[in-house]
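Residue-level structural notes
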Amino acid sequence: MKYKRAMRIISKQYYTRQLLGGFSSVQRKCLFIFLACFIFNFSCKRNKPQHFKPHFERPILIEAENYFDVNEYARGIRYFDSAYAVIPHKDFLDIWSHYIIKAQYFYWAKPEPHVAQLYVDSMLMLLKDHEQEYGTEYLRTLMLNGDILMSENKYGEAYKMFYDGSLFAKKNLDRCSSCELINRMGSLKIKQGDYLGAVAYFKKSMAASTSCPLESRANSETWILNVIGVCYKSAHLPDSAVYYFKTNLDTADRYLSLLPQQSKYLIAIKGFQYLHLGEVYIDSKDYMLAEVYLKKSIAINNRPNYSQNAAKVAQLRLAGLYIKSSRLGEANNLLKAIEKDLKRWQAEGRNMGELMSNLLKLQWEYFDKIKNTHEAYNAFKRYKILQDSTNSANQLAEAVDLDEGLKRTAQQYKIQLLSKNNELKTTYLSAIIVFSVLTLIILVMAWYSLKRSRKNVHELTGLNKLISDYNMQMQSSLTALEQSYEENANIIKIVAHDLRAPIGGITIAVSKMLEKPNRSENDQSMLRLIQASGKDSLALTSDLLKTHSGSKEIKKEPVAMYSLLTYCVSFMRLKAEEKGQTIELDAGHFTAFVNRGNIWRVICNLIANAIKFSPPGTTIKVLMLKKEDNVLITVDDCGIGIPDNMQDKIFDMFTEAKRRGTKGEQPFGIGLAISKQIVEMHGGKIWFEDKKPIAGTMFHVELPIQYLN
């Protein structure tokens with residue numbers, strides 16, 4: 001148990017940071033105690049292997065724990081190394097335990113994630129071929145590996161690690177073992193800003209926790225109810241948040257009667273629920289209820305051995321409430337008391353950056369309220385310095401994954417257009433050079449012929465020979481250019497032909513997968529989307545082959561435009577959800593005689609641009625209506641718009657009017673030009689409208705509704 005407790009001390013803040021990366025600093029502080037208790041409970045009780053031999057039970061370990069308790073991790077890890085060194089016969093679990101202690105130390109306390117990853121790799125090598133025998137250890141290794149990947153913004157790899165772990169736990173361990181993994185998958189949703197999506201995972205985790213022992217279930221339920229409430233609060237759904245916070249208060253009271261030995265933890269939970277309720281009621285401008293709950297939270301947490309940090313958060317909230325309510329005397333007294341405590345904590349070496357920043361902001365507001373301009377300016381200046389420092393320290397770089405299907409299509413068009421453009425430029429350059437040389441020679445020879453009339457015959461003979469030679473060279477150049485064009489066309493044919501086999505294989509594999517019964521509706525929907533994308537990709541390769549076979553005519557067919565738009569929106573919705581955006585479709589049911597694949601590329605390209613240049617949290621609208629003998633499709637976004645100096649260039653091929661997206665997405669500068677070519681080949685037109693003075697742009701595509709005779 002002491003070994004587990006020491007490891008919990010190393011890892012508790014690390015797991016808190018991973019799970020709550022999507023919350024604000026105040027919310028992370030408020031939830032800290034719950035995650036610590038949650039992990040402590042699962043580590044000490046449920047995950048303890050039956051065959052574990054506590055070799056680390058040494059007096060030196062107890063002293064190491066004392067160093068961890070006062071945050072002296074470097075000295076603590078040295079004592080752990082000493083305890084490990086004196087074990088006479090190290091068995092399998094001794095080695096694994098030493099690795100996980102060092103991995104968590106170098107990841108969280110140091111931190112050096114790359115060193116921590118080396119220890120995780122060693123743990124995986126140690127457990128190879130022994131996964132089922134040491135199921136608990138293997139599961140914890142997968143979780144730590146996923147946590148490291150998640151911190152590096154490798155969300156896809158992290159999710160796979162957690163998902164593989166959940167499958168392993170489901171197959172080899174009890175249901176309770178999957179709780180932590182489900183929580184981590186929920187945390188990935190939080191990092192993406194999808195709070196409602198995260199709620200679904202946490203509810204699933206709560207259902208799994210019902211199979212845990214009573215004490216574990218008490219910690220798990222109260223922690224998860226709290227996180228769900230905070231998710232609803234972050235999603236701006238105050239009624240749902242209040243419901244879960246109050247439900248958690250009732251749950252804590254119920255477990256207090258069943259588990260009196262956990263009374264301190266459960267009372268602390270109630271203190272945090274009061275704090276959250278106070279924050280929700282402040283946001284709802286119900287200051288009377290907010291004051292009641294904040295004072296209850298302070299009464300619980302502002303005591304020794306409780307979360308005095310949370311008490312300061314509640315006091316700061318209460319002081320802000322007093323300032324808003326013009327109760328300036330009470331606000332001043334409370335701000336002075338908070339400042340005194342924070343200065344004392346800073347003298348003790350504790351990090352009070354966020355609390356001090358909030359205090360300075362409230363002091364600025366207070367002095368501004370009482371018209372003390374000098375003190376208000378001083379507080380404002382200190383607040384901005386501290387705030388800028390905090391913001392600089394908290395910046396994260398996020399990699400943005402581009403949609404592979406659209407990227408591949410754009411690259412193929414780019415190859416084709418670059419090849420043609422290069423051919424034309426080479427031909428023009430060769431012709432200019434040849435004619436320039438010939439002109440120069442003719443002028444020189446004419447000048448000499450006028451000056452030397454006696455040598456006209458000889459000079460004309462030489463000139464004719466020279467012209468003949470240059471004509472032969474020009475013919476050779478033209479032959480080489482034709483051969484180069486044929487070679488380039490053959491290369492594109494080979495690429496298009498070779499792509500058909502793997503794309504066809506993917507389409508066939510997905511079709512086989514769809515034939516299997518008992519798949520969820522979500523899985524079937526995703527498989528059908530992959531199947532449709534594969535068919536469109538095959539059509540694209542066929543178009544490339546036809547392009548270089550001399551055929552210029554596009555194949556048209558009757559297309560249900562509503563179904564086509566629905567497919568485009570479904571295809572792009574996942575990309576939009578990565579940026580927290582939504583896509584709305586409002587369209588009638590019309591049939592047009594068009595090339596389905598080409599029009600699909602146009603609509604997907606316009607939606608992709610709207611996603612790229614719109615900020616997170618906005619809505620993209622796709623509209624379609626009938627206009628006389630035409631169908632009008634509109635993509636309406638709330639993005640950054642198009643500057644005036646770029647508006648007449650955006651439809652040019654390889655235009656210089658390129659900008660990165662709102663999250664740094666790479667521009668290519670050919671998407672709109674290709675879209676314009678496709679629309680005009682259908683006898684339609686494409687244009688845009690700037691929505692100034694409000695943000696955003698509307699792109700319109702008008703296509704004629706043509707029917708078969």
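Keep in mind that this is a model prediction, so the values were computed, not measured.

The next subject is the overall build of the protein chain. Counting its regular elements, the protein chain contains 24 helices and seven strands. A separation threshold of at least 6 residues defines the contact pool for the protein chain, and within that pool the share at least 24 residues apart is 68%. Summing over all exposed atoms, the protein chain offers an accessible surface of approximately 36,000 Å²; the carbon and sulfur share of this is 55%.

Attention now goes to the state of the cysteines. The full count for this structure, using the stated rule, is one disulfide. Here C176 is linked by a disulfide to C212, with a sulfur-sulfur distance of 1.8 Å. Across the S-S bond of C176 and C212 the torsion is about 100°, and the bridge reads as right-handed. Here the residue C176 occupies a position in the loop between helix 8 (155–172) and helix 9 (179–191), and C212 occupies one in the loop between helix 10 (195–209) and helix 11 (214–234), the gap between them amounting to 36 residues. Of the residues examined, C212 reaches a relative accessible area of 3% and is grouped as buried. As a non-bridged cysteine, C179 has C212 as the owner of its nearest cysteine sulfur, 4.3 Å distant. On the basis of relative accessibility, which here comes to 0%, the residue C179 falls in the buried class.

Moving on, we come to the environment of S537. Here S537 shows up in helix 21 (residues 521–547). The exposure class assigned to S537 is buried, which follows from its relative accessible area of 16%. S537 sits 38 residues away from L499 along the chain, and the two C-alpha atoms are 9.0 Å apart.

Running from N to C, helix 7 (residues 135–151) and helix 9 point in directions that differ by 10°, and their axes come no closer than 11 Å. Comparing their axes, helix 9 and helix 7 come out roughly parallel. Listed contacts from helix 9 to L139, M143, D147 and M150 of helix 7 are E180, L181, R184, S187, L188 and K191.

Side chains of L440, V444, W447 and Y448 sit close together on the surface and give an oily, nonpolar patch of about 400 Å² of accessible area. Assignment of secondary structure puts Y448 in helix 19 (residues 404–451).

This part takes up the pattern of salt bridges. This model, assessed by the stated rule, comprises 19 salt bridges. Among the salt bridges present, the one from D283 reaches K233, with a minimum N-O distance of 3.9 Å. Of this pair, D283 sits in helix 13 (residues 263–283) while K233 sits in helix 11, placing them 50 residues apart in sequence. For K233, a relative accessible area of 15% corresponds to the buried category. Of the charged contacts, one joins K343 and E339 as a salt bridge, the two residues approaching to 3.4 Å between their closest N and O atoms. Here the residue K343 and the residue E339 both occupy positions in helix 16 (residues 328–347), the gap between them amounting to four residues, near one helical turn.

Here strand 7 (residues 697–704) lies mainly inside the structure; eight of its eight residues are buried. Neither face of strand 7 is left uncovered, since the one carrying T697, F699, V701 and L703 and the one carrying M698, H700, E702 and P704 both have all their residues buried. The pairing of strand 5 (residues 630–636) with strand 7 spans seven bridges and is antiparallel. Its bridge partner lying in strand 7, I633 is registered against V701. One ladder, built from six bridges, connects strand 6 (residues 685–690) with strand 7; its direction is antiparallel. Each bridged residue has a counterpart across the sheet, and for W687 the counterpart in strand 7 is H700.

All right, on to the environment of C231 then. Mapped onto the elements of the fold, C231 is located in helix 11. C231 sits 32 residues away from V199 along the chain, and the two C-alpha atoms are 6.8 Å apart.

Owing to its 3.6 residues per turn, the α-helix aligns residues three or four sequence positions apart on the same side. For helix 5 (residues 92–109), built from 18 residues, the straight-helix expectation of 26 Å at 1.5 Å per residue is met to within 8% by its first-to-last C-alpha distance of 25 Å. In terms of burial, helix 5 is a largely internal element, 15 of the 18 residues being buried. N-cap assignment for helix 5: the residue whose side-chain oxygen lies 3.3 Å from the backbone N of L93 is D91.

Once that is clear, we can look at the packing of aromatic side chains. Under the defined criterion, the tally for this structure stands at 19 aromatic pairs. Between Y274 and Y293 the ring centres are 6.0 Å apart and the planes differ by 25°, which places this aromatic pair in the stacked class. Of this pair, Y274 sits in helix 13 while Y293 sits in helix 14 (residues 287–301), and the two are 19 residues apart along the sequence. Their ring planes at 20° and their centres at 6.0 Å tell us that Y567 and W600 sit as a pair that is stacked. Of this pair, Y567 sits in helix 22 (residues 561–578) while W600 sits in helix 23 (residues 596–612), and the two are 33 residues apart along the sequence. Of the two residues examined, Y567 and W600, each falls in the buried class. Following the ring pairs from residue to residue traces out a cluster consisting of Y99, Y105, F106 and Y119. When the ring centre of Y84 is taken as reference, the NZ or CZ atom of K90 above it lies at 5.0 Å. Over the ring of W687 we find K685, and its NZ or CZ is 5.1 Å from the ring centre.

With that settled, consider unusual backbone geometry. In this model, K285 sits at a positive phi of 65°, which is unusual for a non-glycine residue. Along the chain, K285 turns up in the loop between helix 13 and helix 14. Phi is positive for E628, close to 55°, though the residue is something other than glycine. With respect to the helices, strands and loops of the structure, E628 is situated in the loop between strand 4 (619–627) and strand 5.

Strand pairing in a sheet takes place through backbone hydrogen bonds and is either antiparallel or parallel in direction. Taking strand neighbours across the sheet as the criterion, the five strands line up as 2-4-5-7-6 in an open arrangement whose pairing is mixed. Lying at the two open borders of the sheet, with one neighbouring strand each, are strand 2 (582–587) and strand 6. Here the average twist between neighbouring strands, direction ignored, is 15°. Most of the contacts of helix 22 go to strand 2, to which it runs at about 175°, and overall it touches strand 2, strand 4, strand 5 and strand 7.

Another aspect to go through is helix 9. Look at helix 9: 19 Å from first C-alpha to last across 13 residues, which is about the 18 Å you get at 1.5 Å a residue. Within helix 9, the full set of buried residues consists of C179, E180, L181, I182, N183, R184, M185, G186, S187, L188 and I190. G193 sits one or two residues past helix 9 and shows a positive phi near 80°.

Turning our eyes to something else, we now look at the confidence of the model for the protein chain. Per-chain confidence: the protein chain averages 76 in pLDDT, with 75% of residues scoring 70 or above. Of all the helices and strands in the protein chain, helix 1 (residues 2–19) carries the lowest mean pLDDT, 36, while strand 5 carries the highest, 93. The low-confidence segment residues 1–55 (pLDDT under 50) makes 157 contacts with residues lying over four places distant or belonging to another chain. Segment residues 393–413 is flagged for pLDDT under 50; beyond a separation of four residues in sequence, or across chains, it makes 29 contacts in the model.

Rules of the game
- Residues numbered from 1 in each chain as written.
- Predicted model: local features only at pLDDT ≥ 70, side-chain atom pairs only at ≥ 80, totals over all residues.
- Heavy atoms only, no water.
- Helix = DSSP H or I, 4+ residues; strand = E, 2+ residues; numbered from the N terminus.
- Contact = heavy atoms within 4.5 Å.
- Areas by Shrake-Rupley, 256 points an atom, 1.4 Å probe, with all protein chains shown as cover.
- Disulfide = S-S within 2.5 Å.
- Buried < 20%, exposed > 50% of the residue type's maximum accessible area, 1.4 Å probe, protein only.
- Axes fitted to C-alpha atoms, helices over the stretch in contact; angles between N-to-C directions.
- Parallel < 35°, antiparallel > 145°, perpendicular 65-115°, else oblique.
- Patch = residues over 30% accessible without salt bridge, like charges linked within 9 Å, V, L, I, M, F, W, Y side chains within 5 Å.
- Salt bridge = Lys/Arg side-chain N within 4 Å of Asp/Glu carboxyl O.
- Pairing = 2+ DSSP bridges.
- Expected span 1.5 Å × (residues − 1).
- Polar contact = N/O pair within 3.5 Å; in protein donor to acceptor, adjacent residues only side chain to side chain.
- Phe/Tyr/Trp six-rings, centres within 6.5 Å; stacked < 30°, edge-to-face > 60°.
- Lys NZ or Arg CZ within 6 Å of the ring centre and 35° of its normal.
- pLDDT = per-residue confidence, 0-100.

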